[in-house]
Amino acid sequence: MAAVICGSLAFDTIMTFEGRFADQILPDQLHILNVSFLVPALRRDFGGCAGNIAYALNALGGRALPMATVGSDGADYVAHLQGLGIGTEFVRELSDTYTAQCFITTDLANNQITAFHPGAMQQAHVTRITARDDIRLGIISPDGRDAMLQHAEQFKQAGIPFVFDPGQGLPMFNGDELARFIEQSDWVTVNDYEGKMLSERTGWDNAEISRRVRGLVVTLGEEGCDVWVHGERTHVPAVKPAAIVDPTGCGDAWRGALLFGLEQGWPLEKCALLGNRIGALKIAQRGPQNYTVDRQQLGL
(Lines give C-alpha, C1' and ligand atoms only; values in the text may rest on other atoms or scores of the structure.)
Protein backbone atom coordinates (compact mmCIF):
# COMPACT_ATOMS: atom_id res chain seq x y z
CA MET A 1 0.00 0.00 0.00
CA ALA A 2 1.26 3.46 -0.90
CA ALA A 3 0.69 6.82 0.76
CA VAL A 4 0.56 10.02 -1.28
CA ILE A 5 2.32 12.82 0.61
CA CYS A 6 1.28 16.26 -0.60
CA GLY A 7 3.57 19.06 0.45
CA SER A 8 6.83 20.79 -0.27
CA LEU A 9 10.24 19.63 -1.35
CA ALA A 10 12.69 22.28 -0.25
CA PHE A 11 16.33 22.95 0.37
CA ASP A 12 16.91 23.85 4.04
CA THR A 13 19.70 26.25 4.86
CA ILE A 14 20.13 25.74 8.60
CA MET A 15 22.09 28.14 10.79
CA THR A 16 22.87 28.00 14.51
CA PHE A 17 22.89 31.13 16.65
CA GLU A 18 25.03 30.55 19.76
CA GLY A 19 22.79 32.57 22.02
CA ARG A 20 19.10 33.07 22.74
CA PHE A 21 16.78 35.18 20.62
CA ALA A 22 15.05 36.42 23.77
CA ASP A 23 18.28 38.05 24.92
CA GLN A 24 18.63 39.99 21.65
CA ILE A 25 15.08 41.23 21.14
CA LEU A 26 13.72 44.08 23.25
CA PRO A 27 9.96 43.56 23.66
CA ASP A 28 9.25 47.29 23.97
CA GLN A 29 11.15 48.00 20.73
CA LEU A 30 9.44 45.55 18.40
CA HIS A 31 8.02 48.41 16.31
CA ILE A 32 11.59 49.26 15.21
CA LEU A 33 13.02 45.75 15.22
CA ASN A 34 16.47 45.59 13.62
CA VAL A 35 18.55 42.61 14.74
CA SER A 36 21.42 40.58 13.34
CA PHE A 37 22.48 37.13 14.52
CA LEU A 38 26.00 35.81 14.06
CA VAL A 39 25.70 32.19 12.88
CA PRO A 40 29.09 30.41 12.85
CA ALA A 41 27.53 27.07 11.83
CA LEU A 42 25.69 26.68 8.52
CA ARG A 43 24.70 23.70 6.40
CA ARG A 44 22.31 22.86 3.56
CA ASP A 45 19.99 19.87 3.77
CA PHE A 46 17.24 18.22 1.79
CA GLY A 47 13.99 19.26 3.47
CA GLY A 48 10.41 20.34 2.94
CA CYS A 49 7.44 18.67 4.61
CA ALA A 50 6.72 16.15 1.84
CA GLY A 51 10.35 15.10 1.61
CA ASN A 52 10.79 14.79 5.37
CA ILE A 53 7.56 12.84 5.87
CA ALA A 54 8.43 10.54 2.96
CA TYR A 55 11.89 9.95 4.46
CA ALA A 56 10.42 8.82 7.78
CA LEU A 57 7.74 6.61 6.24
CA ASN A 58 10.26 5.02 3.89
CA ALA A 59 12.73 4.39 6.74
CA LEU A 60 10.01 2.56 8.66
CA GLY A 61 9.28 0.29 5.70
CA GLY A 62 6.29 2.10 4.20
CA ARG A 63 5.86 3.12 0.57
CA ALA A 64 5.95 6.88 0.20
CA LEU A 65 4.88 8.78 -2.91
CA PRO A 66 5.61 12.49 -2.42
CA MET A 67 3.49 14.79 -4.59
CA ALA A 68 5.46 17.99 -4.99
CA THR A 69 7.11 20.37 -7.44
CA VAL A 70 10.78 21.28 -7.75
CA GLY A 71 12.50 23.93 -9.85
CA SER A 72 15.43 24.08 -12.22
CA ASP A 73 17.79 23.33 -9.32
CA GLY A 74 15.83 20.28 -8.14
CA ALA A 75 17.54 17.42 -10.03
CA ASP A 76 19.77 16.60 -7.04
CA TYR A 77 16.73 16.32 -4.77
CA VAL A 78 14.96 13.98 -7.18
CA ALA A 79 18.11 11.83 -7.39
CA HIS A 80 18.32 11.84 -3.58
CA LEU A 81 14.76 10.51 -3.26
CA GLN A 82 15.36 7.86 -5.89
CA GLY A 83 18.54 6.80 -4.13
CA LEU A 84 16.50 6.18 -0.98
CA GLY A 85 14.01 4.08 -2.93
CA ILE A 86 11.26 6.71 -2.66
CA GLY A 87 9.01 6.94 -5.72
CA THR A 88 9.17 10.21 -7.67
CA GLU A 89 6.40 9.69 -10.22
CA PHE A 90 4.40 12.56 -8.67
CA VAL A 91 7.36 14.95 -8.46
CA ARG A 92 7.23 17.58 -11.23
CA GLU A 93 10.31 19.47 -12.35
CA LEU A 94 9.90 23.05 -13.64
CA SER A 95 12.55 24.95 -15.56
CA ASP A 96 11.40 28.53 -14.94
CA THR A 97 11.66 28.78 -11.15
CA TYR A 98 13.70 27.63 -8.17
CA THR A 99 12.91 24.81 -5.77
CA ALA A 100 11.41 26.04 -2.51
CA GLN A 101 14.05 27.31 -0.09
CA CYS A 102 13.84 27.43 3.70
CA PHE A 103 16.27 29.47 5.81
CA ILE A 104 16.17 28.42 9.45
CA THR A 105 18.06 29.96 12.36
CA THR A 106 18.00 28.01 15.64
CA ASP A 107 19.12 29.39 19.00
CA LEU A 108 20.50 27.54 22.03
CA ALA A 109 16.98 27.13 23.44
CA ASN A 110 15.89 25.39 20.19
CA ASN A 111 13.71 28.35 19.22
CA GLN A 112 13.63 28.90 15.47
CA ILE A 113 13.22 31.84 13.10
CA THR A 114 12.35 30.73 9.57
CA ALA A 115 12.17 32.49 6.21
CA PHE A 116 10.57 30.53 3.37
CA HIS A 117 10.64 31.12 -0.39
CA PRO A 118 7.93 28.95 -2.00
CA GLY A 119 9.32 28.90 -5.55
CA ALA A 120 8.06 25.91 -7.54
CA MET A 121 5.73 24.94 -4.70
CA GLN A 122 3.30 27.61 -5.87
CA GLN A 123 2.52 25.45 -8.89
CA ALA A 124 1.97 22.23 -6.95
CA HIS A 125 -1.77 22.33 -7.63
CA VAL A 126 -1.21 21.38 -11.29
CA THR A 127 -0.61 17.73 -10.31
CA ARG A 128 -3.91 15.94 -9.65
CA ILE A 129 -4.82 13.08 -7.34
CA THR A 130 -6.86 10.27 -8.84
CA ALA A 131 -8.03 6.92 -7.52
CA ARG A 132 -5.54 4.07 -7.89
CA ASP A 133 -5.69 0.57 -6.44
CA ASP A 134 -2.30 0.78 -4.71
CA ILE A 135 -2.94 4.18 -3.08
CA ARG A 136 -4.84 3.74 0.18
CA LEU A 137 -3.76 6.74 2.25
CA GLY A 138 -2.73 10.37 1.91
CA ILE A 139 -1.71 13.48 3.79
CA ILE A 140 -2.13 17.19 3.11
CA SER A 141 0.91 18.90 4.63
CA PRO A 142 1.95 22.57 4.15
CA ASP A 143 2.02 23.38 0.43
CA GLY A 144 0.81 26.04 -1.97
CA ARG A 145 -2.61 27.36 -0.99
CA ASP A 146 -4.34 26.18 -4.19
CA ALA A 147 -2.64 22.78 -3.95
CA MET A 148 -3.87 22.22 -0.39
CA LEU A 149 -7.45 23.15 -1.29
CA GLN A 150 -7.57 21.15 -4.51
CA HIS A 151 -5.73 18.07 -3.27
CA ALA A 152 -8.09 17.77 -0.30
CA GLU A 153 -11.05 17.83 -2.69
CA GLN A 154 -9.35 15.28 -4.94
CA PHE A 155 -8.55 12.90 -2.06
CA LYS A 156 -12.20 13.04 -1.04
CA GLN A 157 -13.46 12.47 -4.59
CA ALA A 158 -11.05 9.55 -5.06
CA GLY A 159 -12.19 7.92 -1.82
CA ILE A 160 -8.67 8.02 -0.36
CA PRO A 161 -8.63 8.61 3.42
CA PHE A 162 -6.21 11.35 4.37
CA VAL A 163 -4.62 13.31 7.20
CA PHE A 164 -5.06 17.07 7.28
CA ASP A 165 -1.81 18.53 8.65
CA PRO A 166 -1.91 22.28 7.92
CA GLY A 167 1.24 23.19 9.92
CA GLN A 168 2.63 26.61 9.08
CA GLY A 169 0.15 26.82 6.19
CA LEU A 170 -2.82 27.13 8.55
CA PRO A 171 -2.89 30.97 8.64
CA MET A 172 -3.59 31.04 4.87
CA PHE A 173 -7.15 29.80 5.43
CA ASN A 174 -10.24 31.30 6.99
CA GLY A 175 -12.63 29.49 9.30
CA ASP A 176 -14.95 28.22 6.58
CA GLU A 177 -12.05 26.82 4.56
CA LEU A 178 -10.55 25.11 7.60
CA ALA A 179 -13.94 23.63 8.50
CA ARG A 180 -14.19 22.25 4.97
CA PHE A 181 -10.73 20.64 5.30
CA ILE A 182 -11.81 18.99 8.55
CA GLU A 183 -15.06 17.70 7.06
CA GLN A 184 -13.20 16.19 4.10
CA SER A 185 -10.38 14.59 6.09
CA ASP A 186 -10.23 11.45 8.21
CA TRP A 187 -7.57 12.60 10.69
CA VAL A 188 -6.25 16.01 11.76
CA THR A 189 -2.82 16.72 13.26
CA VAL A 190 -1.64 20.05 14.66
CA ASN A 191 0.77 21.28 17.29
CA ASP A 192 -0.55 23.06 20.37
CA TYR A 193 -0.28 26.56 18.88
CA GLU A 194 -1.84 25.52 15.57
CA GLY A 195 -4.60 23.71 17.45
CA LYS A 196 -5.56 26.89 19.29
CA MET A 197 -5.65 28.81 16.00
CA LEU A 198 -7.70 26.07 14.35
CA SER A 199 -10.24 26.18 17.18
CA GLU A 200 -10.37 29.97 17.13
CA ARG A 201 -11.03 30.15 13.39
CA THR A 202 -13.56 27.31 13.16
CA GLY A 203 -15.27 27.87 16.50
CA TRP A 204 -14.80 24.16 17.31
CA ASP A 205 -12.79 22.96 20.30
CA ASN A 206 -10.62 19.83 20.18
CA ALA A 207 -13.43 17.59 21.34
CA GLU A 208 -15.77 18.86 18.62
CA ILE A 209 -13.14 18.56 15.89
CA SER A 210 -12.46 14.97 16.95
CA ARG A 211 -16.15 14.13 16.60
CA ARG A 212 -16.07 15.22 12.96
CA VAL A 213 -13.11 13.00 12.00
CA ARG A 214 -11.70 9.61 12.96
CA GLY A 215 -9.15 11.26 15.23
CA LEU A 216 -7.32 14.46 16.14
CA VAL A 217 -3.75 14.58 17.47
CA VAL A 218 -2.31 17.67 19.12
CA THR A 219 1.47 17.41 19.52
CA LEU A 220 2.99 19.07 22.59
CA GLY A 221 6.74 18.92 21.93
CA GLU A 222 8.66 17.57 24.89
CA GLU A 223 5.37 16.80 26.69
CA GLY A 224 4.26 14.21 24.11
CA CYS A 225 0.85 14.55 22.47
CA ASP A 226 -2.88 14.41 23.10
CA VAL A 227 -5.00 12.02 21.04
CA TRP A 228 -8.66 12.93 20.68
CA VAL A 229 -11.18 10.34 19.44
CA HIS A 230 -14.95 10.85 19.57
CA GLY A 231 -14.54 13.76 21.97
CA GLU A 232 -12.33 11.87 24.45
CA ARG A 233 -8.70 12.80 25.13
CA THR A 234 -5.86 10.35 25.77
CA HIS A 235 -2.39 11.68 26.61
CA VAL A 236 0.54 9.87 24.97
CA PRO A 237 3.78 10.65 26.84
CA ALA A 238 6.95 11.81 25.14
CA VAL A 239 9.96 9.59 24.53
CA LYS A 240 13.20 10.94 26.00
CA PRO A 241 15.78 11.51 23.24
CA ALA A 242 19.41 10.48 23.56
CA ALA A 243 20.31 14.14 22.97
CA ILE A 244 18.67 17.37 21.88
CA VAL A 245 20.64 18.47 18.85
CA ASP A 246 18.31 19.89 16.17
CA PRO A 247 14.49 20.15 16.17
CA THR A 248 14.26 20.79 12.42
CA GLY A 249 11.94 18.21 10.86
CA CYS A 250 10.83 16.57 14.12
CA GLY A 251 7.17 17.16 13.35
CA ASP A 252 7.58 15.68 9.90
CA ALA A 253 9.34 12.60 11.31
CA TRP A 254 6.39 12.23 13.69
CA ARG A 255 3.92 12.43 10.79
CA GLY A 256 5.79 9.84 8.75
CA ALA A 257 5.48 7.46 11.70
CA LEU A 258 1.78 8.33 12.02
CA LEU A 259 1.23 7.34 8.39
CA PHE A 260 3.09 4.08 8.93
CA GLY A 261 0.88 3.20 11.89
CA LEU A 262 -2.29 4.12 10.01
CA GLU A 263 -1.16 1.89 7.13
CA GLN A 264 -0.90 -0.97 9.62
CA GLY A 265 -4.38 -0.31 10.96
CA TRP A 266 -3.11 0.56 14.45
CA PRO A 267 -5.15 2.51 17.00
CA LEU A 268 -4.35 6.21 16.89
CA GLU A 269 -2.65 6.13 20.32
CA LYS A 270 -0.18 3.49 19.10
CA CYS A 271 0.51 5.52 15.95
CA ALA A 272 1.19 8.59 18.10
CA LEU A 273 3.57 6.68 20.38
CA LEU A 274 5.61 5.53 17.38
CA GLY A 275 5.61 9.15 16.22
CA ASN A 276 7.04 10.23 19.57
CA ARG A 277 9.77 7.59 19.27
CA ILE A 278 10.76 8.64 15.74
CA GLY A 279 10.68 12.31 16.74
CA ALA A 280 13.09 11.50 19.57
CA LEU A 281 15.42 9.78 17.09
CA LYS A 282 15.35 12.74 14.75
CA ILE A 283 15.99 15.46 17.34
CA ALA A 284 19.25 13.72 18.30
CA GLN A 285 20.63 14.24 14.76
CA ARG A 286 21.31 17.34 12.69
CA GLY A 287 19.14 17.90 9.64
CA PRO A 288 15.67 16.59 8.82
CA GLN A 289 16.77 13.53 6.81
CA ASN A 290 19.99 12.33 8.44
CA TYR A 291 18.74 9.96 11.15
CA THR A 292 18.49 6.18 10.86
CA VAL A 293 15.72 3.85 11.98
CA ASP A 294 16.36 0.37 13.41
CA ARG A 295 13.09 -1.39 12.60
CA GLN A 296 14.07 -4.47 14.59
CA GLN A 297 14.77 -2.39 17.67
CA LEU A 298 11.35 -0.78 17.25
CA GLY A 299 9.73 -4.20 17.00
CA LEU A 300 8.54 -3.67 13.43
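Structure report, in brief. (Residues numbered from 1 in each chain as written. Predicted model: local features only at pLDDT ≥ 70, side-chain atom pairs only at ≥ 80, totals over all residues. Heavy atoms only, no water.)

What follows concerns the environment of Phe-37. Positionally, Phe-37 belongs in the loop between α1 (21-24) and β3 (41-47). With near-sequence residues (within four places) excluded, Phe-37 lies in contact with Phe-17, Phe-21, Gln-24 and Ile-113. (Helix = DSSP H or I, 4+ residues; strand = E, 2+ residues; numbered from the N terminus. Contact = heavy atoms within 4.5 Å.)

Here Asp-45 lies in strand β3. With a relative accessible area of 11%, Asp-45 lands in the buried category. Polar contacts involving the side chain of Asp-45 include one to the side chain of Arg-43, which spans 2.8 Å. Residues in contact with Asp-45, not counting those within four places in the same chain, are Ala-10, Phe-11, Asp-12, Ile-14, Gly-287, Pro-288 and Asn-290. (Buried < 20%, exposed > 50% of the residue type's maximum accessible area, 1.4 Å probe, protein only. Polar contact = N/O pair within 3.5 Å; in protein donor to acceptor, adjacent residues only side chain to side chain.)

Ordered in space as β5-β4-β1-β8-β9-β10-β11-β12-β13, the 9 strands form an open sheet in which the pairing is mixed. Two strands in the sheet have a free side with no partner beyond their single neighbour: β5 (91-93) and β13 (232-236). Adjacent strand axes in the sheet meet at a mean angle of 20° when their direction is disregarded. Judged from the 4 bridges that link them, strand β11 (residues 215-219) and strand β12 (residues 225-229) form a sheet pairing that is antiparallel. Looking at the pairing, Val-217 lines up with Val-227 of β12. Relative to strand β10 (residues 187-191), helix α6 (residues 192-202) is tilted by about 120°, and along the sheet it contacts β10 and β11. (Pairing = 2+ DSSP bridges. Axes fitted to C-alpha atoms, helices over the stretch in contact; angles between N-to-C directions.)

With 43 residues, the main nonpolar core has Ile-5, Leu-9, Leu-60, Leu-259, Leu-262, Leu-274 and Ile-278 as its most contacted residues. Counting residues per element, the ones that place at least two in this core are β1 (2-6), α2 (49-59), β4 (63-70), α3 (75-84), β8 (135-140), β12, α8 (250-263) and α9 (268-283). Those residues in contact with Leu-259, other than ones at most four positions away along the chain, are Ile-5, Ile-53, Leu-57, Leu-137, Gly-138, Ile-139 and Val-163. Met-67, Ile-140, Phe-162 and Ile-182 belong to the second-largest nonpolar core, a separate cluster that totals 33 residues. (Core = buried A, V, L, I, M, F, W, Y, C linked by side-chain atoms within 4.5 Å.)

Phi at His-230 takes a positive value of approximately 50°, unusual for a residue other than glycine. In this structure, His-230 sits in the loop between β12 and β13.

In this structure the tally under the stated criterion is 11 aromatic pairs. Residues Tyr-55 and Tyr-291 carry aromatic rings whose centres are separated by 5.1 Å and whose planes lie at 70° to one another, so their mutual orientation is edge-to-face. Residue Tyr-55 is located in helix α2, and its partner Tyr-291 is located in the segment after α9; the two are separated by 236 residues in the primary sequence. Tyr-291 carries the same exposure label as Tyr-55, and that label is buried. Centroid distance Phe-164 to Phe-181: 4.4 Å. Interplanar angle 10°. Geometry classified as stacked. Of this pair, Phe-164 sits in strand β9 (residues 162-164) while Phe-181 sits in helix α5 (residues 175-184); the two residues are 17 residues apart in sequence, bridging distant segments of the chain. For Phe-164, a relative accessible area of 0% gives the class buried. Through successive ring pairs, a cluster of aromatic residues spans Phe-11, Phe-46 and Tyr-77. Looking at Arg-44, its charged tip hangs above the ring of Phe-11, at a distance of 4.2 Å from the centre. (Phe/Tyr/Trp six-rings, centres within 6.5 Å; stacked < 30°, edge-to-face > 60°. Lys NZ or Arg CZ within 6 Å of the ring centre and 35° of its normal.)

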